[in-house]
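Analysis of the macromolecular model
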Amino acid sequence: MKCITILVFILMAHPAYTNTILYIGDSHSHISALHPNETSKRFGNVFIQEFLTRKLKLSYYSACGSSPQNWVTGSRTECGFSSYDQGEFISLTKATFASVSQILRPLEHKTIIVNLGDNMFNWKVTEGKRLATLGSQTIKNKISVFLNTLSEKDCIWIGPTYHTTGSIYDKPDTIVDEFYAQLEAELKGICRLIDSRTFVPKGYAGDGLHHNNADSRLWAEGVLRTLFN
């Protein structure tokens, strides 16, 4: 799905352009270093570097375990926070982070990119693993208030990827597909949805939810292709 509005924005970009793009993500977006070696680069490293290369202003925030409602009120993470904003990079294991409204205030953010998905599943322990399930009101309840905070911002939402069942998590493709159907319905007319299901080849299992470095980079590359090509 092509994001027409952001493509127009990119074509208009020049040194005098003052609008800053805000990015909000969860553990998939967390990075521990801004410029690690090539094999250690993850989604966030690839994403931030692309925006820097294109000389686009980016405010990048990620908090492990976060869902949309956490960004409405501000919250705390015990498993990883990172941000890159106005040239300053921060990476912490534990942190209290601001609400999206507080982040939006200091700068003029015309576009917001949201990468929140896996923490909106209902995770139930079944046969020793955490199984992804959905409730009929899951998406509506968890993002409706968040969307109200965006006012008239241009919004782009990055959906979750498929994954191979791993040591901790089981996220069936059918549940991911149902999630996308609900997400698309809830975002219609508010945010453009990027479908990430084909960006990462299934194979690496790990914990069943979090990608290794190589697959994390592939995800970022797929998102960037959709944004800029």
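Look up: the structure comes first, before these words.
So, here's what we can say about the structure. Throughout, residues of each chain are indexed from 1 in the direction in which the sequence is written. This being a predicted model, a pLDDT of at least 70 is required before a residue's local features are given, and a value of 80 or more before pairs of side-chain atoms are given or counted; all residues contribute to the totals for chains, interfaces and linings. Side-chain measures were taken over the full set of non-hydrogen atoms in the model, leaving aside hydrogen atoms and water.

Observations concerning helix α6 (residues 173-187)
One full turn of an α-helix is made of 3.6 residues, so residues set three or four places apart face in the same direction. Each helix corresponds to a stretch of at least 4 residues labelled H or I by DSSP, and each strand to a stretch of at least 2 residues labelled E; elements are numbered beginning at the N terminus. Here the expected length of a helix is defined as 1.5 Å per residue gap, with one fewer gap than residues. Taking 1.5 Å per residue, 15 residues should reach 21 Å; α6 reaches 21 Å between its end C-alpha atoms and fits that length. Restricting attention to buried positions, one finds in α6 the residues Ile175, Val176, Phe179, Tyr180, Leu183, Glu186 and Leu187. In a view along the axis of α6, the buried residues occupy a sector of 145°, so they form one face of it. Set apart from the buried face of α6 by more than 90 degrees, the exposed residues are Thr174, Ala181, Glu184 and Ala185. Those residues of α6 hidden inside the fold are in contact with β9 (129-133), α5 (138-148), β10 (154-158) and β12 (191-194). Categorising residues by exposure relies on relative accessible area from a 1.4 Å probe, with only protein chains included: less than 20% of the type maximum marks a residue as buried, more than 50% marks it as exposed, and the intermediate range marks it as partly exposed. This arc describes the spread of directions from the helix axis toward the C-beta atoms. Whether two residues are in contact is decided by their heavy atoms: any pair within 4.5 Å suffices.

Structural notes on α5
Those residues of α5 not exposed but buried are Thr138, Ile139, Lys142, Ile143, Phe146 and Leu147. The buried residues of α5 occupy an angular sector of 120° when projected down its axis, which confines them to one face. α5 presents Asn141 and Asn148 as exposed residues on the side facing more than 90 degrees away from its buried surface.

Some details on the sheet that holds strand β4 (residues 81-85)
Judged by pairing direction, the sheet is mixed, and its seven strands sit side by side in the order β5-β4-β2-β1-β7-β10-β12 without closing on themselves. Two strands in the sheet have a free side with no partner beyond their single neighbour: β5 (88-92) and β12. The average angle at which neighbouring strand axes cross in this sheet is 15°, direction not considered. At least two bridges found by DSSP between two strands are what make those strands a pair. Pairing analysis gives four bridges linking strand β7 (residues 109-115) to β10, with the strands arranged parallel. Among the inter-strand pairings, Thr111 is bridged to a residue of β10, identified as Asp154. An axis is simply a line fitted to the C-alpha atoms; with a helix, the fit covers only the stretch in contact. Between two such axes, the angle follows the N-to-C directions and lies from 0 to 180 degrees. Where α5 meets the sheet, its contacts fall on β7, β10 and β12, and the angle it forms with β10 comes to roughly 155°.

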